[in-house]
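Now for the letters of each chain:
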Amino acid sequence: MSTPRFYDEMRGQKGAILPHYAQYSQWLEKMPPERIVQKRHEAEVTFHRVGITFAVYGEEAGSERLIPFDIIPRIIPANEWAVLEAGIKQRVRALNLFLHDIYHEQNILKAGVIEPEKVLANDQYRPVMRGLNLPGNVYAHIAGIDIVRAGSGEFYVLEDNLRVPSGVSYMVENRKMMMRLFPELFGAQPIAPVEHYPDLLLDTLLAVAPAGVSNPTVVLLTPGSYNSAYFEHTFLAQQMGIELVEGVDLMVRDSMVYMRTTRGPQRVHVIYRRVDDDFLDPQVFRPDSMLGVPGLMQAYQAGNVTLANAIGTGVADDKSMYVHVPDMIRFYLSEEPILKNVHTWQLRNPEDRSYVLDHLSTLVVKEVHGSGGYGMLIGPAATRPELSAFRERILATPEKYIAQPTLCLSTCPTFVEAGIAPRHVDLRPFVLSGPEPRIVPGGLTRVAIKEGSLVVNSSQGGGTKDTWVMEQ
Amino acid sequence: MLSRSANDLFWMSRNVERAENVARMLDVTYRMSLLPYRVVETGEKWAEPWALPLVITGLATSFYQANETLTAENMIRFMVFDAANPSSIHSLLQSARENARGQRGELTSEMWESINSTWIEFRGLDYERLLARGVSEFFDWVKTRSHLFRGVTVGTMRRDEGYHFTRLGTHLERADNTARILDVKYHTLLPTVDDVGGAVDYYQWGSLLRSVGAFESYRKIYRDAITPYRVAELLILRLDMPRSLHFCMVETFNILCSLAHAERLEPERLAGEIQSQLHYGRIEKVFETGLHEYLMAFLDRIETLNIAINKYFLVPDYA
């Protein structure tokens, strides 16, 4: 293998196998190619049979696809994980404090750290949340923090996902698959387990139930079987042993939420909702929503039900607020940020805008509210007409966009048709916030299967890998 | 459990059972169409064997909207592959799989894999492949997949509410089907009891028994010529026949007893009423009332029961 241009998870920058990959790479070298082929096939058959699929928007209704699974793990050494873990927890702590603050005293705005208008006029700022006190003051109970490694190997936070982050089922299922295919690997090395994530999640949800409820009932609210993450919803509900409900299964009576059961109405105390704010309650948000529960907001404001995540977290994970997270950490925690942000130009600022328009072909431009890799421009990969079309869009509504340098994302060896080749990866660890933030050592590693591609989203043909955090 | 989950499980097993019954009905029709003689020369359209599925399912209007002539090919395309026909095997297997997909958490993985692979295999078929495979072989395959699914259900599912609702769907659907098939056969093909006897009669009633898998049982029990009287007795009153009305309603009653509680006793009461009428009924009485009238009254009663099951369990109407 030639020396990679990018930082490689297995070989670093210099090309020699890094110590935390030594054992795995010896094992891989000894592995006969036909066994690898057979194991990859086995993985695919199992994923299909079990139905670990996701729906793709814009294709035939109800079409299901497998997310390509790569059998070479992404390995993170213990010392690097310790930094990541501390950095991510610090970040989520600050974000929760920020959310509480902007819906209460607004100290950070008063102190002039962030322009008030940027927060208060944001679409995702929910005035209905003003002054509402939540159990434990937690807003983002479940957060997915997207991390990339770039340049000579330093980690950056690319994005905070505080609304309804998904992907955690793949973290757990990928591990199960690896253990099933190659049990011998797990006996030989201290790989931190991740399969207890559903237990920690349930524990977190129970901990934030309305005060005074001794045996709270938790449910998972899904938009339904046509949602792209439906498999994950069924998986988590099943693993936690809770009901998977749709909006039609819930009703509100006297400001309390009930589910419709074969034994009559049953009270619900905590809703792990995988439905966006806008669709939760047609009486308060989008009146055309069929996915929500009329009156839910009323029950929520009365403190009779906890929503996880809380309503109104979107204001903190939007890409225009991202630039301020380091300031939030300094403001609320009086600490220096452990993890770096990627430099970000805000196109609402005239100076930033003119720089970005001059350098469009070298930058990545994203929609402030976009997600899933939809509606972004990757300058170096874009054609001339694409660039000029995007330029028009930016000029029309600059406040909707931010730009970042095109990062040299790290690569990880990956099976592709031509054999093993480096492909770009990112990492999404999941943080659970009850009284304290907790994190399962690992996360979802996504990989861009196309050569040279930097887009890892499953909706854009990305795949996943098992992620190993070494315990020592 | 959630009412919506119970409803999905109930319909999942109903749809599988119905697909099996459609396959049985088509299989018998196909076999009858191969016989070297013409059936009763009444001159009426439904005397044609391929009209039988339309009479039983009540789908004649929609069939003739899509097809000009009644042929074996048109009928198979309509009742097996037509996605626009809600009673086609295609629609039923798809609905069953959708019901199951929404309730993955309530099923065992073997149940899901069974229903999912049935659907995947069915999607690989079309009319030409079905012919190549053999018409009866295909219907056998549908029956076998239904048997497998039911077996996996009984063999792997925890005996909780979900199980009871799943089994409830099977038995109510089966009772409904047996009543309909008996009624249609009796009325359309042999208008009077005087027609009893003769080769036509033998094949007609023999095929009815085969369509509900009861031909061998009949022989064992009666060791005699096949008469409508006894066929009716076998399929209405015998408690040892798993597709008889009596058997299905005893199962339904028992299931509803396990599900009943507090203010939800009405479905159990209704089922109890129906099953005791069957339990203490005599076939002479049935024929005195008139078989058709009797069966229509039965279908009305299970419809009332269905409404109560919806109201109290599956689609509760509290605000």
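Computed from a predicted model, the values in this text were never measured in an experiment.

Rules and cut-offs
Residues numbered from 1 in each chain as written. Chains lettered and ligands numbered in written order. Predicted model: local features only at pLDDT ≥ 70, side-chain atom pairs only at ≥ 80, totals over all residues. Heavy atoms only, no water. pLDDT = per-residue confidence, 0-100. Contact = heavy atoms within 4.5 Å. Domains from an automatic or database assignment. Buried area = accessible area lost by both parts, 1.4 Å probe. Salt bridge = Lys/Arg side-chain N within 4 Å of Asp/Glu carboxyl O. Helix = DSSP H or I, 4+ residues; strand = E, 2+ residues; numbered from the N terminus. Nonpolar A, V, L, I, M, F, W, Y, C, P; charged D, E, K, R; others polar. Axes fitted to C-alpha atoms, helices over the stretch in contact; angles between N-to-C directions. Parallel < 35°, antiparallel > 145°, perpendicular 65-115°, else oblique. Buried < 20%, exposed > 50% of the residue type's maximum accessible area, 1.4 Å probe, protein only. Pairing = 2+ DSSP bridges. 1 Å grid on protein atoms, 1.4 Å probe; cavity = no way out; pocket = protein on both sides within 12 Å on 5 of 7 lines; lining within 4 Å. Points joined across faces, edges and corners; volume = space filled by probe spheres on them.

Draft legend 1. Inspection of the confidence of the model for chain A at higher detail. Confidence in the prediction of chain A, expressed as mean pLDDT, is 91, and 94% of residues score 70 or more. In this model, residues 58-62 of chain A is a region of pLDDT below 50 whose contacts with residues beyond four sequence positions or in other chains number two contacts.

Draft legend 2. Highlighting the domain arrangement of chain A. Residue and element names in this part refer to chain A. For chain A, the domain assignment lists domain 1 (19-210 + 305-339 + 408-469) and domain 2 (343-405). Taking the mean C-alpha position of each, domain 1 and domain 2 sit 25 Å from one another. On the side of domain 2, 14 residues touch domain 1, which itself brings 19 residues to the contact. Here domain 1 meets domain 2 over a buried area of about 1,400 Å², counting both sides, of which 50% is carbon and sulfur. It is K118, K319 and V323 that lose the most area in domain 1 upon contact with domain 2, and together they represent 32% of the buried surface on that side. One salt bridge connects R348 with E117, and the closest N-O pair in it is separated by 3.8 Å. Going through the elements one at a time, α5 (116-120), β5 (154-161) and α12 (319-322) are the ones with two or more residues in the side of domain 1 that touches domain 2. With three residues, α12 is the largest single contributor of residues to the side of domain 1 that touches domain 2. For the side of domain 1 that touches domain 2, the per-class residue count stands at five nonpolar, seven polar and seven charged.

Draft legend 3. Structural context of the packing of helix α11 (residues 215-222) of chain B against helix α12 (residues 228-236) of chain B. Residues and elements named next belong to chain B. Interaxial distance between α11 and α12 falls to 11 Å at its minimum, and their mutual angle equals 110°. Compared by their axis directions, α11 and α12 come out roughly perpendicular. Of the residues in α12, those touching α11 at Y218, I221 and Y222 are R230, V231, E233 and L234. Here the contact of α11 with α12 is composed, by residue class, of five nonpolar, no polar and two charged.

Draft legend 4. Inspection of the pairing of strand β17 (residues 401-405) of chain A at higher detail. Residue and element names in this part refer to chain A. Burial within β17 is extensive, with four of its five residues counted as buried. One ladder, built from two bridges, connects strand β14 (residues 345-346) with β17; its direction is antiparallel. Note on β17: the bridge partner recorded for Q346 is I402. Strand direction decides the pairing type here: strand β15 (residues 363-367) and β17, joined by five bridges, are antiparallel. Within the sheet, the bridge partner assigned to K366 lies in β17 and is I402.

Draft legend 5. Geometry of empty space enclosed by the protein. Residue and element names in this part refer to chain B. In total, this model carries five cavities of 30 Å³ or more according to the counting rule given. Roughly 100 Å³ of internal volume is contained in the largest cavity. Ranked by residues supplied to the lining of the largest cavity, first place goes to helix α8 (residues 135-156) with five residues. Of the residues contributing to the lining of the largest cavity, the split by class is eight nonpolar, three polar and two charged. The calculated volume of the second largest cavity comes to roughly 70 Å³. Together, S13, V16, E17, S146, F149, R150, T153, T166, R167 and T170 line the second largest cavity.

Draft legend 6. Structural detail: the pairing of strand β9 (residues 256-261) of chain A. Residue and element names in this part refer to chain A. Of all six residues in β9, five are buried, a share of seventy percent or more. As paired elements, strand β8 (residues 250-253) and β9 share four bridges and run antiparallel to each other. Its bridge partner lying in β9, R253 is registered against M256. Between β8 and β9, which pair antiparallel and follow one another directly, the connecting turn spans two residues, one of which, D254, has a positive phi of 50°.

Draft legend 7. Seen up close, the sheet that holds strand β10 (residues 264-267) of chain A. Residues and elements named next belong to chain A. If you trace the three strands from one edge of the open sheet to the other, you get β8-β9-β10, paired in antiparallel fashion. Two strands close off the open sheet at either side, each with one partner strand: β8 and β10. The mean inter-strand angle of the sheet, taken between neighbouring strand axes irrespective of direction, is 45°.

Draft legend 8. Geometry of the environment of G213 of chain B. Within the secondary structure, G213 of chain B is located in the loop between α10 (198-211) and α11. Sequence separation between G213 of chain B and S95 of chain B is 118 residues; the distance between their C-alpha atoms is 25 Å.

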